[in-house]
Amino acid sequence: MKMFKTIATALALCAAFSVQARTIDAIKQDGKIVIATEGQFAPFNYFEGTKLTGFEVEVAEAVVKKMGLKLEWKTLGFDALLTGLPQDRWDAVIASHGVNEERSKAVTFGEPHYCSGGIIVSIDGKTRTGADLAGKVVAVQTGTSYLEQVKKVAGVKDVKNFPQDTDAQRALISKRVDAWVSDKFVAKEAATKNPKAGFKMGDMLFIEHIAPAFAKGNTGLAQAWNKAFDQILADGTYAAISKKYFNEDVRCT
Ligand code: ARG
C-alpha cells in the first residue's frame with residue numbers, strides 16, 4: 001500500500017511537472033526558446049518558399065536576439081497554437097492573437113506587438129458596414145476573433161468558417177460568400193497581391209490589441225519578453241521592421 005502511494009505521488013508529480021511551462025531560467029539554461037506560429041497569415045507570419053517570415057516573425061526574432069537566446073520555430077494550424085502552451089510543447093505563441101477575456105483566462109499575454117482589427121471585405125462593394133452584413137453569408141477563419149465578432153452581428157445569414165484565413169479569402173474570390181472578415185493589413189495585402197480579385201474594403205468591424213501568448217502564469221517569461229520588446233521599441237528596430245512591411249508604425253499607442 002505504501003509502495004502504491006509512493007508511485008501514485010510520483011506519477012502525480014510527473015503529471016504536474018509535465019504541464020509546467022518552461023521558466024525563463026530553464027529556457028536560458030537551454031539557450032533556446034521554442035515559438036509556435038501558423039505561417040499562413042501574410043504579412044504577419046507566412047512562408048516565402050520554405051522560409052518562415054513576416055512582420056511578427058521578424059519582431060519575435062529581434063526580441064529573442066535581445067534576450068540573448070536562439071529561436072526554434074514550430075508552425076502548425078492556428079487552432080492548435082494556444083492549446084500547446086499548457087502542454088509545454090512550446091514556450092510562446094506569436095500568431096496575431098487579439099487579446100480578449102476568454103483567451104486571457106487560458107494564457108498570459110505579453111505586451112501587444114501591434115494594433116489592428118477586423119475589416120469587412122467584399123467584391124460587390126455594397127457589403128461595407130456591420131449593418132450591411134444582415135442577410136449575408138460571411139467567411140472567416142476558424143478560432144479567430146473575426147468569427148466571434150461576426151457571430152455578434154445581428155441578422156447575419158450564415159458564418160462559414162475555414163481552417164485557414166486564405167481559404168476564407170478564396171471563398172470570397174469564388175463568390176461562395178458575400179463578405180470576408182479578416183485583419184485589415186492582411187486584407188490590404190491580399191488586395192495588392194491579387195488586384196484581379198476586385199476586393200473592396202468596407203468598415204472596420206472592431207479593433208484589437210495583438211499580443212504574444214505564454215502559458216498561463218508564466219510571468220517570468222512574459223516579463224523577460226516584454227523587457228526585450230521595450231528595447232526594440234526604443235532603439236528603432238521595431239520601427240524599421242514596421243516600415244518595411246507597412247510603411248507605417250503599427251505599434252499600439
Ligand atoms: N486577430 C485574429 C484573432 O485574434 C486572427 C488571428 C489569425 N492568425 C493567424 N495566424 N491566422 O483571432
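Look up a bit, the structure's there.
In this report, we go over the structure that sits alongside the text. On a predicted model such as this, the values are computed, not experimentally measured, just so you know.

1. Structural notes on the sheet that holds strand β3 (residues 45-48)
Alright, step 1. Taking strand neighbours across the sheet as the criterion, the three strands line up as β2-β3-β4 in an open arrangement whose pairing is antiparallel. Pairing within the sheet leaves two strands with one partner each, and these edge strands are β2 (40-41) and β4 (51-53).
Alright, step 2. Judged from the two bridges that link them, β2 and β3 form a sheet pairing that is antiparallel. Looking at β3, one finds that Gln 40 is bridged to Tyr 46.

2. Quick word on the nonpolar core
Alright, step 1. Within the largest apolar cluster, 60 residues are counted, with the highest numbers of intra-cluster contacts made by Phe 55, Trp 180 and Trp 225.
Alright, step 2. Ignoring anything within four residues of it in the chain, the contact list for Trp 225 reads Ile 35, Ala 60, Val 63, Val 64, Met 67, Ile 94, Pro 212 and Phe 214.
Alright, step 3. Counting 15 residues, the second largest nonpolar core, distinct from the first, contains Val 34, Val 93, Phe 109 and Ala 213.

3. With respect to the side chain of Arg 103
Alright, step 1. Positionally, Arg 103 belongs in helix α4 (residues 101-106).
Alright, step 2. Notably, Arg 103 is buried but unbridged: the nearest opposite-charge side chain belongs to Glu 208, and the N-O separation is 5.2 Å.
Alright, step 3. Only 3.2 Å separates the side chain of Arg 103 from the backbone oxygen of Gly 143, close enough to count as a polar contact.
Alright, step 4. Excluding residues that lie within four positions of it along the chain, Arg 103 makes contacts with Phe 78, Leu 82, His 97, Gly 98, Phe 109, Gly 143, Thr 144 and Ser 145.

4. Considerations on the site of the ligand
Alright, step 1. As a matter of local geometry, the ligand sits amid 15 residues, with Glu 38, Gly 98, Arg 103, Ser 145 and Glu 208 nearest to it.
Alright, step 2. Between the ligand and the protein, one listed contact pairs a nitrogen atom with a side-chain N or O atom of Glu 38 at 2.7 Å.
Alright, step 3. For the ligand, the accessible surface in isolation is 350 Å², of which the surrounding protein chains cover 100%.
Alright, step 4. Of all elements in the fold, only α5 (145-152) and β12 (200-210) reach the threshold of two or more residues within the shell around the ligand.
Alright, step 5. Among the residues forming the shell around the ligand, the class breakdown is five nonpolar, seven polar and three charged.

About the criteria used
Residues numbered from 1 in each chain as written. Predicted model: local features only at pLDDT ≥ 70, side-chain atom pairs only at ≥ 80, totals over all residues. Heavy atoms only, no water. Pairing = 2+ DSSP bridges. Helix = DSSP H or I, 4+ residues; strand = E, 2+ residues; numbered from the N terminus. Core = buried A, V, L, I, M, F, W, Y, C linked by side-chain atoms within 4.5 Å. Buried < 20%, exposed > 50% of the residue type's maximum accessible area, 1.4 Å probe, protein only. Contact = heavy atoms within 4.5 Å. Lys, Arg positive; Asp, Glu negative; His and termini not counted. Salt bridge = Lys/Arg side-chain N within 4 Å of Asp/Glu carboxyl O. Polar contact = N/O pair within 3.5 Å; in protein donor to acceptor, adjacent residues only side chain to side chain. Near = heavy atom within 4 Å. Areas by Shrake-Rupley, 256 points an atom, 1.4 Å probe, with all protein chains shown as cover. Nonpolar A, V, L, I, M, F, W, Y, C, P; charged D, E, K, R; others polar.

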